[in-house]
Every structure is written in C-alpha cells, then in structure tokens.
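Chains, contacts and geometry: an overview
Next come the chains, spelled out residue by residue.
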Amino acid sequence: MIRYGILGFGHHAVRRLMPGFAGAAEARIAGLWRRDAAKARENAREYSIPHVFDTPEALCASTEIDAVFVASPDALHLDHVLLAARHGKHVLCEKPLAMNAGEVEKMLAATSHARVKFGVAQNMRYNRSLARIREWIAAGSIGRPVMAQSQFAYSAEGSPRTWIYDPTLALGGPIGDVAIHCLDALRYVLGSDDSTHVTAVNTLAHKDAASGAVESHAVVALDFASGAMGSVTVTTRAAYRTLVEITCEDGVILCESGFTVDFPVDVVLRRGSDILALETVSNADAYSRMLDGFSGWVEGRDEYLAPGLDGLHNQCVLDAAYVSWRHGARVNLA
C-alpha cells in the first residue's frame, strides 16, 4: 500500500482524486497541503485524511508519505516535483506537466538523480474506452490509421478553479488544460512507438473578454511520424462533450463521450455502413486504476502507462502549439 500526499488539494482532488483513492486497492491518501490552510483542515476532516501539512516542504519530508501527487496550479509543478525528488519521494504529477519543456527536463533530471519514479497523471490512458480503440487499431482489422480526431468542450463559466485564467499560474486556456488530454489520447490509441510522435503542429485559437490573456477555444492540427494526421478541437465555451474518432483505410472507430468517467459509453467499429463491433464500456474506475498502476510501478511489479519521459514529448507539442498560434505559422518538431 503506497501512502500518497497531495500537494494542491482543490476542486480536482475533491471531484476526481478522492473517489479514485476510495476505489484503489494499492493506494491511499495519507496527507494533504493546499494554499488555503482553513480549507485544508476542512478537507482533512471531511475525507478522514490523517495528516494536514503547513507547507509543501513538510509534506515531502514526512515519513508518513511514500509518494507525492502534485495537483497544484501549473506554475507550481516544477518547484513541487523538485521538492518531492529532493526528499526521495516518488512523484505523480498532473498535466500539463509544466509551463514549458525546459521545466520538464529539470524534473526528469531531478527524479532520475533521486532514483524515484516520475509519472504523469494521464488518467485517460486507463480509460477502458481508449484501451478498446487501441486494441482494435493494433489488430489492423480496418487498416492503417490515416486521420485521428479528438475534441474536449466544457464551460468554464463559474468554475471553482479560479486560477485557470491566470497566466502566471496556468500554462494557458483549454490548450494547456484539456488539449493535452486529447493529444495524449490520440498518441496512446495509435500505438506505443516513435510513430506516434508529433512532427509538426499548426494552431488557430481565439481569446475573449472572459479568458483575458489566455485562449478560450482552439484547433490544433498535428502531423504524426506514422504519416497519419490529427486534429484537436477544444473550447471552454460550450456544453461538456468529448469525442475520439480514428479514420482508417477501411473503416472508422468512433467513441462519443470517450473521455467521460460519469456514465458508460459506446465504442463503435465500422466499415462503411456496417457495424463490425459495438461495445459499451465504463471508465468509472480509471482514476483508481491509474493510482494502482503507479503504485505497482513504485513497488517494481508493473510498468506505468504514462511515464514522465513520455510526458516530455507532450509538453514539446504544447509548446509548439502556443508558438504556432502566437506567430501564425506551422512549427516543426525535431
């Protein structure tokens, strides 16, 4: 049983992480820190969390903690990952990993030097919907993927995450917040080798009065090393919707609401008008499976599906997406 301390116990921790810990077999929440000390004590009472720490340093130094879950705002991730590594704690860090790829490289160097495990909390790699899509693509029953599309829409109006429009704390708007999920999902379902690397990025995005300095909606076009092309569409100005669609040479795989953990979803394999397969799956245990997956990696039994080194490539793609938007040009990745 791996004992976790959460740095940054906010809305995401309440809504997703606590149910995840409740369903996990090999992970339990042992402590927390958040910027608002009064709310931290209230959270600890409500969820029976044994330890509340006054500072991130105290949490990372505690002998009651085996692994640190970094769920603080984006701009704090670097300091919190480096702090955890300095105290010899394994680190599971929320996405986006950092404010830029240079910060991720510092995280990788620090965790490697400390010989601790470093993973990205890409919980959707543990979604059963994405696992089924990945299996069907690997089987090659409808040929090679040629187009890959993913969408994530939600309304940010009234969001309790008050920092998401603050460019000093957030990497950006929905590109940094949820396009990272779309990008990672497409890379995951397309395979597990270098062919899923993105070689070029082109972005269109807009800001509005509410989003201020960050984008409110965006379209990100992707070239994959395999020759497939991808598109990611994201917005914080629409009702919740997620979509994953992979067009192959001889058919298509479609999953409406493919990212949700709130209700079962249909994964459909089609060739023309014929439905070759339709499976209804639930992603409800994805967070628990992610926590157990990381815990198993810490204990030396299994590989974790989203290691930090793979997260570096995703961060490079995010960096390129923002450069493309700001300069109005295609960005090629090495």
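Considerations on the overall build of the protein chain
The secondary structure content of the protein chain amounts to nine helices and 15 strands. For 334 residues, the compact-globule estimate of 2.2 N^0.38 gives 20 Å, and the C-alpha radius of gyration of the protein chain, at 19 Å, lies within 12% of that figure. The dimensions of the protein chain, computed from C-alpha atoms along their principal axes, are 60 × 40 × 40 Å. The buried share of the protein chain, reckoned over its 334 residues, is 55%. Taking the intrachain contacts of the protein chain between residues at least 6 apart in sequence as the baseline, contacts between residues at least 24 apart amount to 69%.

Description of the pattern of salt bridges
Counted according to the given criterion, the structure contains 18 salt bridges. Arg241 is the partner of Glu256 in a salt bridge, and the nearest nitrogen-oxygen pair spans 2.7 Å. With Glu256 in strand E12 (residues 251-256) and Arg241 in strand E11 (residues 237-248), this pair connects stretches of sequence that are 15 residues apart. A salt bridge links Arg301 to Glu299; the shortest N-O distance between them is 2.2 Å.

Brief notes about the layout of surface pockets
In this model, the largest pocket occupies a volume close to 1100 Å³. His11, His12, Arg15, Arg161 and Asp177 are the residues nearest the centre of the largest pocket, which is lined by 39 residues in total. Grouping the amino acids of the lining of the largest pocket by side-chain chemistry returns 15 nonpolar, twelve polar and twelve charged. Estimates place the volume of the second largest pocket at around 220 Å³. If you go around the second largest pocket, you meet 13 residues; those closest to its centre are Arg125, Gly191, Ser192, Asp193 and Asp310. Here the residues of the lining of the second largest pocket sort into three nonpolar, four polar and six charged.

Comments concerning unusual backbone geometry
Backbone torsion omega between Lys95 and Pro96 reads -15°, so that peptide bond is classified as cis. Within the secondary structure layout, Pro96 lies in the loop between strand E5 (90-93) and helix H5 (101-114). One non-glycine residue with positive phi stands out, namely Arg115, at about 55°. Relative to the assigned elements, Arg115 resides in the loop between H5 and strand E6 (118-120). Despite not being glycine, Ser257 has its phi angle at roughly 60°, a positive value. Its location among the elements puts Ser257 in the loop between E12 and strand E13 (265-271). On the accessibility criterion, Ser257 (13% relative accessible area) is buried.

A short note on the environment of Asn283
Looking at the element boundaries, Asn283 is found in the loop between strand E14 (274-281) and helix H8 (286-298). Taking C-alpha positions, Asn283 is 13 Å from Glu256, a pair spaced 27 residues apart along the chain. Every residue in contact with Asn283, bar those within four places of it in the chain, is listed here: Asn127, Arg128, Ser129, Gly258, Phe259, Thr260, Val261 and Val265.

Considerations on the sheet that holds E12
Taking strand neighbours across the sheet as the criterion, the nine strands line up as E14-E13-E12-E11-E7-E10-E9-E8-E15 in an open arrangement whose pairing is mixed. Each edge of the sheet is formed by a strand with only one pairing partner; in this case those strands are E14 and strand E15 (331-332). Across the face of the sheet, helix H7 (residues 174-190) comes into contact with strand E7 (145-155), strand E8 (198-206), strand E9 (217-224), strand E10 (229-235) and E11 while running at roughly 150° to E7. Relative to the sheet, helix H9 (residues 308-327) contacts E8, E9 and E15, its axis offset from that of E8 by approximately 45°.

So, the environment of Glu42
For Glu42, the position within the fold is in helix H2 (residues 37-47). On the basis of relative accessible area, Glu42 is assigned to the partly exposed category, the value being 44%. For the pair Glu42 and Val52, spaced ten residues apart in the sequence, the C-alpha separation amounts to 9.8 Å.

What counts, and where the lines are drawn
- Residues numbered from 1 in each chain as written.
- Predicted model: local features only at pLDDT ≥ 70, side-chain atom pairs only at ≥ 80, totals over all residues.
- Heavy atoms only, no water.
- Helix = DSSP H or I, 4+ residues; strand = E, 2+ residues; numbered from the N terminus.
- Rg over C-alpha atoms; globule rule 2.2 N^0.38 Å.
- Buried < 20%, exposed > 50% of the residue type's maximum accessible area, 1.4 Å probe, protein only.
- Contact = heavy atoms within 4.5 Å.
- Salt bridge = Lys/Arg side-chain N within 4 Å of Asp/Glu carboxyl O.
- 1 Å grid on protein atoms, 1.4 Å probe; cavity = no way out; pocket = protein on both sides within 12 Å on 5 of 7 lines; lining within 4 Å.
- Points joined across faces, edges and corners; volume = space filled by probe spheres on them.
- Nonpolar A, V, L, I, M, F, W, Y, C, P; charged D, E, K, R; others polar.
- Pairing = 2+ DSSP bridges.
- Axes fitted to C-alpha atoms, helices over the stretch in contact; angles between N-to-C directions.

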